[in-house]
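Structural overview
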Amino acid sequence: MSLEEYRAKRDFTKTPEPRGEMKPSLGERFVVQEHHASNLHWDLRLEREGVLKSWAVPKGPPEERGVRRLAVQTEDHPVAYLGFEGAIPEGEYGGGAIHIWDRGEYDTEKWREDEIIVSLRGERLEGRYCMIRFKRQPRNWLLFRCVSE
Ligand code: MN
């Protein structure tokens, strides 16, 4: 995990986004940012080992059970991004307004190469969420609420 890809995609003289640094994580926090880029999407970010593991969710994370949403894994983001809101200038990577849609803490039940189970405690998202990775398209995951075992 590193921030190389994150930094390579951005010009920090032009974007208000944090350059960030790798930090030991203090806890397990998460954020969902509504991102009005060329295609509206919601970015789910889970704090993990000094970075934010990140997915773009085109239709947004489901609040109800029985709804499965595509979540496309994107580059790790710096922990400083947890509080980021602002407008990325047009023409820059991810150009458009970003605001925080939900935030909170989470517990990890399972974190494997192809399956993640977490319990989210946010203002909007509350409960157990499962993520399953597509075997043939490894950046693509399915995100859905799952019942407790
Ligand atoms: Mn985004």
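Residues numbered from 1 in each chain as written. Predicted model: local features only at pLDDT ≥ 70, side-chain atom pairs only at ≥ 80, totals over all residues. Heavy atoms only, no water.

Focus on the coordination of the manganese ion
What counts is decided by this rule: The donor set covers N, O and S atoms within 2.8 Å of the metal, switching to 3.2 Å for Na, K and Ca, and it leaves out water, so a site may look short of donors. To sort residues, take the accessible area from a 1.4 Å probe on protein chains only and compare it with the maximum for the residue type: under 20% means buried, over 50% means exposed, and anything in between is partly exposed.
Around the manganese ion, the protein contributes the donor atoms His-35 (ND1), His-41 (NE2) and Asp-43 (OD), which lie 2.1 to 2.3 Å from the metal centre. Donor residues for the manganese ion, ordered by position in the chain, follow H-x5-H-x1-D. Taken individually, His-35 and Asp-43 each receive the classification buried, so the pair is uniform in this respect.

Looking at the pattern of salt bridges
Short version of the rule: One speaks of a salt bridge when a side-chain nitrogen belonging to Lys or Arg is within 4 Å of a carboxyl oxygen belonging to Asp or Glu. Each helix is a run of DSSP H or I of at least 4 residues and each strand a run of E of at least 2, with the numbering of both proceeding from the N terminus.
Evaluation of the coordinates by the stated rule reveals 13 salt bridges. Between Arg-121 and Asp-107 there is a salt bridge whose closest N-O contact spans 2.6 Å. Of this pair, Arg-121 sits in strand β7 (residues 115-122) while Asp-107 is found in strand β6 (residues 96-111), placing the two residues 14 residues apart along the sequence. With a relative accessible area of 36%, Arg-121 lands in the partly exposed category. The exposure class of Asp-107 is partly exposed, given its relative accessible area of 40%. Here the residues in one salt-bridge network are Glu-5, Lys-9, Arg-10, Glu-17 and Glu-75, joined through shared partners.

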